[in-house]
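Letter by letter, the chains look like this.
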Amino acid sequence: MLNIRDLQASAGSRQILKGINLTVNPGEVHAIMGPNGSGKSTLAGVLAGRDGFKVTGGTVDFRGQDLLDLEPEQRAREGLFLAFQYPVEIPGVNNAYLLKAALNEVRKYRGEPELDAMDFMAVARERMKLLEMDDAFLNRPVNDGFSGGEKKRNEIFQLAVLEPSLAVLDETDSGLDIDALKIVATGVNALRNSDRAIVVVTHYQRLLNYIVPDFVHVLSGGRIVKSGGKELALELEDKGYSWLEPTPVAAEA
Amino acid sequence: MTQIAAEASYANQFADLQKKAPLPGCLGALRDDAFECFDRLGFPTRRLESWRFTNIAPIAETNFVQPTDRQDYTRNAFNAMGLPKLGGVEFVFLNGTYAPSLSTIDGLPDGLRVRSLGEVLDNDPDTVIPHLGRIARFEHQAFTALNTAFLRDGAVVEVPEGIVVGEPIHLIFITSSTGLPTLCQPRVLVIAGATSQVQVVESHVGTDVASYLNNAVTEVSVGDQATVDHYTIVLEGESAFRVGNLQASVGRASNFSSHTITLSGAIVRNEASVVLEGEGGECTLNGLYLASGRQLVDNQTTIDHARPHCDSHELYKGVLDGQSSAVFNGKIVVRLDAQKTDAKQSNKALLLSEDAQVTTKPQLEIFADDVKCTHGATVGQLDPDSLFYLRSRALSEQQARQVLIHAFAADLLGHIKVGAVRQQLDSILLDRLPMLSGS
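Below you will find a few notes about this structure. (Residues numbered from 1 in each chain as written. Chains lettered and ligands numbered in written order. Predicted model: local features only at pLDDT ≥ 70, side-chain atom pairs only at ≥ 80, totals over all residues. Heavy atoms only, no water.)

## Considerations on the overall build of chain B
Phase 1 of the analysis: Across its full length, chain B holds 9 helices and 20 strands.
Phase 2 of the analysis: Relative to the 2.2 N^0.38 estimate, which gives 22 Å for 439 residues, the radius of gyration of chain B is 21 Å and therefore close to what a compact globule would have.
Phase 3 of the analysis: Taken over the C-alpha atoms alone, chain B extends approximately 70 × 55 × 50 Å along its principal axes.
Phase 4 of the analysis: Relative to its 439 residues, chain B shows a buried fraction of 59%.
Phase 5 of the analysis: For chain B, long-range pairs separated by at least 24 residues make up 84% of all intrachain contacts whose partners lie at least 6 apart in sequence. (Helix = DSSP H or I, 4+ residues; strand = E, 2+ residues; numbered from the N terminus. Rg over C-alpha atoms; globule rule 2.2 N^0.38 Å. Buried < 20%, exposed > 50% of the residue type's maximum accessible area, 1.4 Å probe, protein only. Contact = heavy atoms within 4.5 Å.)

Have a look at this one:
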């Protein structure tokens, strides 16, 4: 599904990704862990097509297409979803309005009929239960005035409605208390299936207690320095990242 | 034509009017005074502070003439314009003259009187004498002086004490010229008695591409404990000039609101001035404008807190594209006596192109010492993070821009109390978005 080869990217004059190789197959859950500044969020941003990064080398193939050649909206319609680390507050845009527009764009692209307001609400209500959200969420402006936990839940709710083939969760656990973390994890787990791949980007092992990955990769200094099974996350929890660092932490700062 | 020649032409037109359609007694004298004022002031130039950023040379140098009769203008032509339908009565004025055949005046609620100014001047001048020219002062205002000098027709809305009018009263002013640049000067007088409530919507519409000047003056007298909501919708022709002056005098414990929505016109100047003349009054002045191409939209507001314990709220928002420009000048005066004043002013502009520009100036003159006055102005572009977020949710860049522009503008429409006005304006706004997405 996703095939990243020797991906290199910079922000301004700083080289951040220095040759990432990663293959993700349908049905798999991959965790990408690493210390601050290792390039985790850059990788997520480059995959989603965020401005401000320059790809300086390598390729990314997503379901047979050159992902890097696509506009952000084309990536989304092709089935890529990024759950933001910092979801953007958009006053004046109704949550339900955005989600219905988004879902219908995806459906149009897939050649499926667009949903009217009633059908959309039925889908939305069903998915909201998954995240233990109440109806009022739909009528609030997108993320505006949401607590940190509500924003993250809203991201996973969008994921549940849009049903992408590849979901990238960028630090979805940051800022969540344990109850919210469990709700979010339950939501994500309910969306696991043999056609869908999930990439969980996180600093801490905590989330991986609830979303158990098939593979764990350690990103450090812009490269994946170690890959393994779910037990690698526990090892990292135990030993920290320093034993894997290619360069001392001080040089990265 | 030079400005001097144009002004001389107005002198001839004025002499002609005084001869053919004289007004008796003090109303005739009011016209004379007004023309004398206009003659003395001349059209404003950019040397005047309040016109510094608004070049009206194209207005001053054009010889606008009095409109001709448009007997040929049909009900079908009117219907074809697709104007907002608000569900209440509609008084239509064609080139400044009341057009009964285009109006829908059935079912006027009990007690409410809406008449053409022409009829009132002929049959019942005493009703308007205490108000005309008293609320909209023209001593320092050339355009208002010009309007007053040519006082002839318009709308008079009288809401007697205690009457609550449920449906909005829709006044529609259509300019449809027959070739020469036309000067239309509608006049509106709203007299709301004590404890009455009324909503008045003025739509100013141009049907043709030819240049014309719509110089409108509205005077509103808000009685004690009355509520008046006034809306101005500017839908002038693309080569049209508009100068509008709305002046309100607000009584004790009353509530006055004005929303000015500018959607088209080459040069549009909207002035709104409110005097809070009784204790405990409340006033809202809001505005929204969409400008593109080479349009110029200038909003000038004045809120005069003359008495204690009055609140005022002001929010103006604009979306500018192309090489358009906008001016906002918000003056708030708090008199020595006006303790416990609470005045808030905010002006926000969204620039969609690098060539668009906005000039914004708050102007606070505070003479009392126990008051709250705040003002703020922001000028910005569409937020790149918001755009990316929407695009990452499968919306095209164009759609994402439109969603954000709509959100910015619709925030102001949310303040409009009359549902029909809000919905109609929102659908006009949605229609305009493709032309305003800054690409």
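## Observations regarding the interface of chain B and chain A
Phase 1 of the analysis: Contacts between the two partners involve 17 residues from chain B, matched on the other side by 30 residues from chain A.
Phase 2 of the analysis: The junction of chain B with chain A conceals about 1800 Å² of combined surface from both sides, 66% of it contributed by carbon and sulfur atoms.
Phase 3 of the analysis: Looking only at chain B, the three residues that lose the most surface to chain A are Phe388, Tyr389 and Arg393 of chain B, adding up to 41% of its buried area.
Phase 4 of the analysis: Put simply, chain B and chain A have 3 salt bridges between them.
Phase 5 of the analysis: Across the salt bridge formed by Glu155 of chain A and Arg393 of chain B, the nearest N and O atoms sit 2.7 Å from each other.
Phase 6 of the analysis: At the junction of chain B with chain A, the criterion picks out 11 residue pairs in polar contact (both at pLDDT 80 or more).
Phase 7 of the analysis: If you list the elements that add at least two residues to the side of chain B that touches chain A, you get α7 (384–391) and α8 (397–413) of chain B.
Phase 8 of the analysis: Of the residues forming the side of chain B that touches chain A, the biggest block, 6 residues, is contributed by α7 of chain B.
Phase 9 of the analysis: Among the residues making up the side of chain B that touches chain A, the classes are represented as 8 nonpolar, 4 polar and 5 charged. (Buried area = accessible area lost by both parts, 1.4 Å probe. Salt bridge = Lys/Arg side-chain N within 4 Å of Asp/Glu carboxyl O. Polar contact = N/O pair within 3.5 Å; in protein donor to acceptor, adjacent residues only side chain to side chain. Nonpolar A, V, L, I, M, F, W, Y, C, P; charged D, E, K, R; others polar.)

## Section: the state of the cysteines
All names here are of chain B.
Phase 1 of the analysis: For the structure shown, the criterion picks out 0 disulfides over all chains.
Phase 2 of the analysis: Of the cysteine sulfurs around Cys283, a residue in no disulfide, the closest is that of Cys310, at 9.1 Å.
Phase 3 of the analysis: Here Cys283 falls in the buried class, since its relative accessible area comes to 0%. (Disulfide = S-S within 2.5 Å.)

## Details of the sheet that holds strand β8 (residues 197–206) of chain B
Residue and element names in this part refer to chain B.
Phase 1 of the analysis: Overall, mixed pairing links the 10 strands, which are arranged β2-β1-β5-β8-β10-β12-β14-β16-β18-β20 in an open sheet. On the outer flanks of this sheet lie β2 (97–98) and β20 (372–380), each paired with one strand and no other.
Phase 2 of the analysis: The pairing of strand β5 (residues 169–175) with β8 spans 7 bridges and is parallel. When the sheet's bridge partners are listed, Thr175 is paired in β8 with Gly206.
Phase 3 of the analysis: Relative to the sheet, α8 contacts β12 (255–264), β14 (282–291), β16 (311–320) and β18 (342–351), its axis offset from that of β16 by approximately 150 degrees.
Phase 4 of the analysis: Against the sheet, helix α9 (residues 419–432) contacts β8, β10 (227–235), β12 and β14, and its axis sits at roughly 25 degrees relative to β12. (Pairing = 2+ DSSP bridges. Axes fitted to C-alpha atoms, helices over the stretch in contact; angles between N-to-C directions.)

## With respect to the packing of helix α2 (residues 25–41) of chain B against helix α6 (residues 142–149) of chain B
Axes are the key here: two packed helices are described by the angle between their axes and the distance separating the axes.
Residue and element names in this part refer to chain B.
Phase 1 of the analysis: Close contact between α2 and α6 brings their axes to 7 Å; oriented N to C, the two are set at 145 degrees. For the crossing formed where α2 meets α6, the hand is left-handed. Listed contacts from α6 to Leu30, Arg31, Ala34, Phe35, Cys37, Phe38 and Leu41 of α2 are Ala142, Ala145, Leu146, Thr148 and Ala149. (Left-handed = near helix turned anticlockwise from the far one by under 90°.)

## As for the packing of aromatic side chains
Phase 1 of the analysis: Applying the stated criterion to the full structure yields 16 aromatic pairs over all chains.
Phase 2 of the analysis: With a centroid separation of 6.0 Å and 75 degrees between ring planes, the pair formed by Phe14 of chain B and Phe150 of chain B is classed as edge-to-face. Residue Phe14 of chain B is located in helix α1 (residues 3–20), and its partner Phe150 of chain B is located in the loop between α6 and β4 (155–159); the two are separated by 136 residues in the primary sequence.
Phase 3 of the analysis: Note on Phe14 of chain B: relative accessible area 9%, which makes it buried.
Phase 4 of the analysis: An aromatic cluster is present here, built from Tyr10, Phe14, Phe35, Phe38, Phe43, Trp51, Phe143 and Phe150 of chain B joined pairwise through their rings.
Phase 5 of the analysis: Sitting over the face of the ring of Phe137 of chain A, Arg140 of chain A holds its NZ or CZ atom 5.5 Å from the ring centroid.
Phase 6 of the analysis: The positively charged end of Arg393 of chain B is found above the aromatic ring belonging to Tyr389 of chain B, 4.9 Å away from the centroid. (Phe/Tyr/Trp six-rings, centres within 6.5 Å; stacked < 30°, edge-to-face > 60°. Lys NZ or Arg CZ within 6 Å of the ring centre and 35° of its normal.)

## Side note on the pattern of salt bridges
Phase 1 of the analysis: The final tally for this structure, using the stated rule, is 34 salt bridges over all chains.
Phase 2 of the analysis: With a closest N to O distance of 2.7 Å, Glu219 of chain B and Arg187 of chain B form a salt bridge. Here Glu219 of chain B is found in strand β9 (residues 212–222), whereas its partner Arg187 of chain B is found in strand β7 (residues 187–192), with 32 residues between them in sequence. Considered together, Glu219 of chain B and Arg187 of chain B belong to a single accessibility category, that of buried residues.
Phase 3 of the analysis: Look at the salt bridges and you will find they share partners, linking Glu71 and Glu73 of chain A together with Arg391 of chain B into a network.

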